Amino acid sequence: VQLQAYGGGLVQAGGSLSLSCAASGRTFSSYFMGWFRQAPGKEREFVAAISWSGGETYYADSVKGRFTISRDNAKNTVYLQMNSLTPEDTAVYYCARNRGPYSSSWYPISEYDHWGQGTQVTVSS
């Protein structure tokens, strides 16, 4: 499977961005999908995850209430809507696919084995 993330860019604090991640393959709807981010000098961290049906979503405390993860299985795409952005959200954002079909293990990062190339999000103060 290949994952292609896009939609990053430069935005002022308080602004919004929407990320998308398109996946190849016919089994997209069988997997948890996640968004992660990595800021310079820091480890990659969990941002959000969504179950294969979209019925369950999970968020890091730092983004809860500001970010929304969603998916469209017909389009093999997962989204991350980011609102009220702060400079602390600046990072490269990655989408990832869970390692097991119909797995309920959405955390930690080791549960994901397919990664997109990342898209840069920069929030200016």
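That block above? That's the structure.
First, a word on scope: everything that follows refers to the structure included in this document. (Residues numbered from 1 in each chain as written. Predicted model: local features only at pLDDT ≥ 70, side-chain atom pairs only at ≥ 80, totals over all residues. Heavy atoms only, no water.)

Points about empty space enclosed by the protein
Defined as follows: The rule is simple: put a 1 Å grid over the protein atoms alone, call a set of points where a 1.4 Å probe fits but cannot get out a cavity, call an open set with protein on both sides within 12 Å along at least five of seven lines a pocket, and count a residue as lining if it has an atom within 4 Å of a point. Grid points are joined across faces, edges and corners, and a volume is the space filled by probe spheres set on the points. Any residue outside Ala, Val, Leu, Ile, Met, Phe, Trp, Tyr, Cys, Pro, Asp, Glu, Lys and Arg is labelled polar, Gly included; the first ten of those are nonpolar and the last four are charged.
What the rule picks out here adds up to one cavity of 30 Å³ or more. Put simply, the largest cavity is a space of about 30 Å³. What lines the largest cavity is simply Val1, Ala23, Ser24, Gly25, Arg26, Thr27, Phe28 and Arg97. Taken together, the residues of the lining of the largest cavity break down into three nonpolar, three polar and two charged.

Some points on the pattern of salt bridges
Formally: What counts as a salt bridge is simple: a side-chain nitrogen of Lys or Arg found within 4 Å of a carboxyl oxygen of Asp or Glu. For every residue, the accessible area obtained with a 1.4 Å probe (protein chains only) is divided by the maximum for its type, and the residue is called buried under 20%, exposed over 50%, and partly exposed between those limits.
Tallied over the entire structure, the rule returns four salt bridges. Between arginine 37 and glutamate 45 there is a salt bridge, with the nearest N and O atoms lying 2.6 Å from each other. You can call arginine 37 buried: its relative accessible area is 6%.

Structural notes on the packing of aromatic side chains
Rule in force here: For Phe, Tyr and Trp, rings pair up if their centres lie within 6.5 Å, where Trp contributes its six-membered ring, and each pair is then called stacked (planes under 30 degrees apart), edge-to-face (over 60) or tilted (otherwise). Strands here are runs of E lasting at least two residues and helices are runs of H or I lasting at least four, both read from the DSSP assignment and numbered beginning at the N terminus. In this scheme, the term charge over a ring applies when either NZ of a lysine or CZ of an arginine sits within 6 Å of the ring centre and within 35 degrees of the ring normal.
One pass over the full model with this rule turns up eleven aromatic pairs. Arranged with centres 6.5 Å apart and planes meeting at 80°, the rings of tyrosine 94 and tryptophan 115 form a pair that is edge-to-face. In this pair, tyrosine 94 sits in strand E9 (residues 91-98) while tryptophan 115 sits in strand E10 (residues 112-115), placing the two residues 21 residues apart along the sequence. The rings of Phe32, Phe36, Phe46, Trp52, Tyr58, Tyr94, Tyr102, Trp106, Tyr107, Tyr112 and Trp115 are connected pair by pair, giving a single aromatic cluster. Just above the ring of tyrosine 94 sits the side chain of arginine 44; from NZ or CZ to the centre is 3.7 Å. Directly above the ring of phenylalanine 28 sits arginine 71, whose terminal nitrogen or CZ lies 4.4 Å from the centroid.

Overview of the nonpolar core
Heads up, the rule is: Among buried residues, the Ala, Val, Leu, Ile, Met, Phe, Trp, Tyr and Cys ones that are joined through side-chain atoms within 4.5 Å form a nonpolar core.
One finds Trp35, Leu80, Met82 and Tyr93 to be the most contacted residues of the largest nonpolar core, which totals 34 residues. Those elements that place two or more of their residues in this core are strand E1 (3-6), strand E3 (17-23), strand E4 (33-38), strand E5 (45-50), strand E7 (67-72), strand E8 (77-82), E9 and strand E11 (119-124). Broken down by element, this core gets its largest block of residues, five residues, from E5.

Side note on the pairing of E7
The condition is simple: Each pair of strands is called paired provided DSSP finds at least two bridges between the two strands.
The side-chain alternation of E7 yields one buried face, formed by Phe67, Ile69 and Arg71, and one unburied face, formed by Thr68, Ser70 and Asp72. Two strands pair when backbone bridges link them, and E7 and E8 are joined in this way by six bridges, in the antiparallel orientation. By the bridge assignment, arginine 71 is partnered in E8 with valine 78. Once E7 ends, the chain turns through four residues before running back antiparallel as E8, passing asparagine 76 with a positive phi of about 55°.

Points about the pairing of E3
Within E3, five of the seven residues are buried, leaving the element largely enclosed by the surrounding structure. With four bridges connecting them, E1 and E3 associate as antiparallel partners. Note on E3: the bridge partner recorded for leucine 3 is alanine 23. In terms of strand pairing, E3 meets E8 through six bridges, oriented antiparallel.

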